[in-house]
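Summary of structural features
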Amino acid sequence: MLFTSLGLSDPILKAITETGYTKPTPIQAKAIPLVLEGRDVLAAAQTGTGKTAGFTLPLLERMVQSHKETGTHKGKPRRHVRALILTPTRELAAQILENVEMYAKYLPYKATVVFGGVNINRHIATLKEGVEILVATPGRLLDLASQKHVDLSRVEVLVLDEADRMLDMGFIHDMKKVVKLIPKKRQTLLFSATFSKEIKTLASGFQTNPALVEVAAQNKTADRIAQLVHPVDKKKKKDLLVKLIKDGQWKQVLVFTRTKHGANKLCEHLEQHGIQSAAIHGNKSQGARTKALAGFKENRIRVLVATDIAARGIDIDMLPHVVNFELPNVPEDYVHRIGRTGRAGREGEAVSLVCVDENDFLRGIERLISQKIPKEVVVGFEVDPSIAAEPINQGGGRGRRGGGQSRSHNSSRGSSSRGSNDRKRSEGGENKSSNSRNRSRSRSRNRSSSSDS
Ligand code: AMP
């Protein structure tokens with residue numbers, strides 16, 4: 001199939017040609033016609049498979065078509081928010097805007113992004129000028145809406161990217177508030193790599209008779225990603241990581257830790273061993289986060305140490321290595337984390353350093369992905385059998401509840417049957433505008449490290 005057979009207008013086709021894409025990816029081939037028909041769509045596609053274009057291209061086409069129908073294409077289109085795209089993290093929101101701007105290059109629409117952690121006045125000024133496409137994280141959007149700086153009453157299409165996260169505990173209340181601000185009659189598109197049963201049920205409340213699109217079995221990892229577990233004692237993980245990076249001459253590595261504090265400590269350790277690193281997590285200023293991600297993408301930083309804030313959606317071209325320095329306590333997050341490599345049909349390697357405390361997490365992950373991950377002991381890093389497993393503290397933060405550590409987990413830790421809904425959130429509500437601080441404080445208590453507002 002070719003893009004030309006999908007019924008997209010010339011300005012959109014021209015922009016696609018300039019990106020160098022030759023044919024639609026499977027998710028695009030399936031989703032684009034359905035979105036063009038005006039259907040609500042619930043799409044499950046492995047991460048890195050071109051989801052963003054899967055919803056953006058037809059969304060733009062529908063905007064073009066409705067302009068033609070109303071005749072407004074003849075004059076200067078009146079700017080009001082017609083498409084609202086919501087994402088859980090600021091980095092993903094920024095990335096989606098880049099994509100939207102690229103695909104809408106030859107169209108008259110204006111797009112912008114709003115998210116927390118940056119001066120709200122900038123957003124207010126841009127919104128005042130008017131935009132048709134708004135990409136946002138929910139907290140900042142609600143702040144702007146409550147201050148009447150954005151009118152969502154004429155939104156035609158709502159897109160939730162990383163929809164399972166947008167509908168889980170950390171965001172569901174904000175989602176309900178957003179939905180009250182937009183028309184009931186709208187098109188709703190939900191895209192994610194993972195969907196639990198509970199989230200699918202919740203999603204039905206947001207959509208009308210959605211078309212289901214699945215391009216690969218859900219909750220699956222891409223075959224192109226070689227996965228490996230190195231069993232190792234907790235105390236030796238840092239040194240093992242240094243060895244793996246140095247011996248393997250890894251040039252660009254994304255390392256996930258469970259906690260912000262852990263990310264900082266690991267970063268320091270790597271730096272001490274001459275490995276240029278930066279950390280990215282919710283306690284960092286937005287400026288530092290943006291700078292670290294940009295430096296990493298441009299290969300100026302060899303190792304980016306991140307909490308789950310970077311697990312979802314972030315597209316790093318040709319990223320060869322992902323390391324789970326600690327396993328996530330929510331199995332779905334493993335799928336998202338390792339999906340940062342092996343994108344757009346490329347190969348990738350995902351290595352997990354697993355200590356005895358994390359064996360339950362590993363079992364939960366293997367159950368979710370229906371796959372045993374091969375294990376390989378590294379010489380010199382053999383596990384000491386006398387070390388007994390210790391429970392991992394609530395929030396994964398070694399007791400720093402609300403101190404910015406990732407998630408709480410309960411007695412069912414590691415169980416793949418646990419839905420996302422019982423997770424607690426603790427990160428992301430920082431840097432709010434002053435009149436919403438109290439609200440954000442209570443929200444932030446319920447956020448995870450992979451959620452922003
Ligand atoms: P996404 O899943 O939207 O983050 O996209 C993953 C990567 O695939 C991005 O780098 C896109 O630029 C790229 N991509 C999207 N659509 C296509 C396509 N039709 N052909 C080749 N690459 C694509």
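Up top you'll find the structure we're talking about.
To keep things clear, this report deals only with the structure shown in the data block. Remember, it's a predicted structure, so these values are computed and weren't measured experimentally.

**Regarding the overall build of the chain**
Assigned secondary structure in the chain consists of 15 helices and 13 strands. For the chain, the proportion of its 453 residues judged to be buried stands at 59%. Once local pairs closer than 6 in sequence are excluded, the contacts in the chain between residues at least 24 apart make up 75%. Per element, the accessible surface of the chain, about 18400 Å² overall, is 51% carbon and sulfur.

**Concerning the site of the ligand**
Taken together, 14 residues sit near the ligand, with Tyr21, Gln28, Thr52, Asp315 and Arg343 positioned nearest. In the model, an oxygen atom of the ligand is placed 2.6 Å from a nitrogen or oxygen of the Thr52 side chain. Bound to the protein, the ligand loses 81% of the 500 Å² it would expose on its own. Its residues assigned to classes, the shell around the ligand shows 4 nonpolar, 6 polar and 4 charged.

**As for the packing of helix α13 (residues 331-338) against helix α14 (residues 359-369)**
Between α13 and α14, whose axes approach to 8 Å, the crossing angle comes to 70°. Considering their axes alone, α13 and α14 lie roughly perpendicular with respect to each other. Contacts from Pro331, Glu332, Tyr334 and Val335 in α13 reach Gly364, Ile365, Leu368 and Ile369 in α14. The class makeup of the residues in the contact of α13 with α14 is 6 nonpolar, 1 polar and 1 charged.

**A short note on the packing of helix α6 (residues 138-146) against helix α8 (residues 172-181)**
Across the interface, α6 lies against α8 with an axial gap of 10 Å and an inter-helix angle of 40°. For the element pair α6 / α8, the angle class is oblique. The crossing of α6 and α8 is left-handed. Of α8, the residues touching α6 (which contributes Pro138, Gly139, Leu141, Leu142 and Ala145) are Asp174, Met175, Lys177, Val178 and Leu181. Classifying every residue of the contact of α6 with α8 by side-chain character gives 7 nonpolar, 1 polar and 2 charged.

**What about the sheet that holds strand β3 (residues 111-114)?**
Read across the sheet, 7 strands follow the order β3-β4-β2-β5-β6-β1-β7 without closing on themselves; strand pairing throughout is parallel. This sheet does not close on itself; its edge strands, each paired only once, are β3 and β7 (211-214). Strand-to-strand twist across the sheet, computed as the mean angle between neighbouring axes with direction ignored, equals 15°. Bridge count between strand β5 (residues 157-161) and strand β6 (residues 187-192): 5 bridges; the pairing is parallel. Bridge pairing in β6 links Leu158 to Thr188. Set on the sheet, α6 makes contact with β2 (83-86), β3 and β4 (133-136); between it and β4 the angle comes to about 125°.

**Focus on the packing of aromatic side chains**
Evaluation of the coordinates by the stated rule reveals 2 aromatic pairs. Ring geometry for Phe55 versus Phe191: centroids 5.2 Å apart, planes at 65°, classification edge-to-face. Taken together, the residues Phe55 in helix α3 (residues 51-70) and Phe191 in strand β6 connect sequence positions 136 residues apart. The ring centre of Tyr106 lies 4.1 Å from the NZ or CZ of Lys14, which sits over that ring. If you follow Lys237 out to its NZ or CZ, it ends over the ring of Phe325, 5.7 Å from the centre.

**Things to note about unusual backbone geometry**
Glycine aside, residues mostly have negative phi angles, and peptide bonds mostly take the trans form. One non-glycine residue, Lys148, lies in positive phi territory at about 60°. On the secondary structure map, Lys148 appears in the loop between α6 and β5. Since its relative accessible area comes to 73%, Lys148 is described here as exposed. Although it is not a glycine, Glu162 adopts a positive phi angle of roughly 50°. As for its placement among the helices and strands, Glu162 is situated in the loop between β5 and α7 (163-166). Its relative accessible area of 1% is what places Glu162 among the buried residues.

**Overview of the side chain of His123**
Along the chain, His123 falls in helix α5 (residues 120-129). Judged by relative accessible area, which is 8%, His123 ranks as buried.

**Let's talk about the nonpolar core**
Leu8, Leu57, Ile85, Ile133 and Leu254 are the most contacted members of the largest nonpolar core, which totals 61 residues. No other element matches α3, which puts 7 residues into this core. Not counting the four nearest positions on each side in its chain, Leu254 is found in contact with Phe296, Leu304, Ala306, Ile316, Leu319, His321, Val322, Val323 and Arg340. Membership of the second largest hydrophobic core comes to 34 residues, among which are Val81, Leu144, Leu167 and Leu190.

**Describing the pairing of strand β9 (residues 253-256)**
Going residue by residue along β9, you find Val253 and Val255 tucked away on one face and Leu254 and Phe256 tucked away on the opposite face as well. Pairing of β9 with strand β11 (residues 303-306) involves 4 bridges; the strand directions are parallel. Residue pairing across strands places Val253 opposite Val303, the latter belonging to β11. One ladder, built from 4 bridges, connects β9 with strand β12 (residues 321-324); its direction is parallel. Considered in β12, the bridge of Val255 is made with Val323.

**Brief notes about α13**
Each turn of an α-helix holds 3.6 residues, which means side chains three or four residues apart point in the same direction. For α13, a buried count of 8 out of 8 residues is recorded, marking the element as mostly surrounded by other parts of the structure. Within α13, burial applies to Pro331, Glu332, Asp333, Tyr334, Val335, His336, Arg337 and Ile338.

**Structural notes on the sheet that holds β11**
Strand order in the open sheet formed by 6 strands is β8-β13-β12-β9-β11-β10, with parallel pairing between adjacent strands. Of all strands in the sheet, those bounded by a partner on one side alone are β8 (225-231) and β10 (277-280). Taking each pair of neighbouring strands and ignoring which way they run, the sheet shows an average axis angle of 20°. Pairing geometry for β12 and strand β13 (residues 348-354), over 4 bridges, is parallel. Residue pairing across strands places His321 opposite Glu349, the latter belonging to β13. Sheet contacts for helix α10 (residues 237-247): β8, β9, β11, β12 and β13; angle to β13, the most-contacted strand, approximately 155°.

Conventions and cut-offs
- Residues numbered from 1 in each chain as written.
- Predicted model: local features only at pLDDT ≥ 70, side-chain atom pairs only at ≥ 80, totals over all residues.
- Heavy atoms only, no water.
- Helix = DSSP H or I, 4+ residues; strand = E, 2+ residues; numbered from the N terminus.
- Buried < 20%, exposed > 50% of the residue type's maximum accessible area, 1.4 Å probe, protein only.
- Contact = heavy atoms within 4.5 Å.
- Areas by Shrake-Rupley, 256 points an atom, 1.4 Å probe, with all protein chains shown as cover.
- Near = heavy atom within 4 Å.
- Polar contact = N/O pair within 3.5 Å; in protein donor to acceptor, adjacent residues only side chain to side chain.
- Nonpolar A, V, L, I, M, F, W, Y, C, P; charged D, E, K, R; others polar.
- Axes fitted to C-alpha atoms, helices over the stretch in contact; angles between N-to-C directions.
- Parallel < 35°, antiparallel > 145°, perpendicular 65-115°, else oblique.
- Left-handed = near helix turned anticlockwise from the far one by under 90°.
- Pairing = 2+ DSSP bridges.
- Phe/Tyr/Trp six-rings, centres within 6.5 Å; stacked < 30°, edge-to-face > 60°.
- Lys NZ or Arg CZ within 6 Å of the ring centre and 35° of its normal.
- Core = buried A, V, L, I, M, F, W, Y, C linked by side-chain atoms within 4.5 Å.

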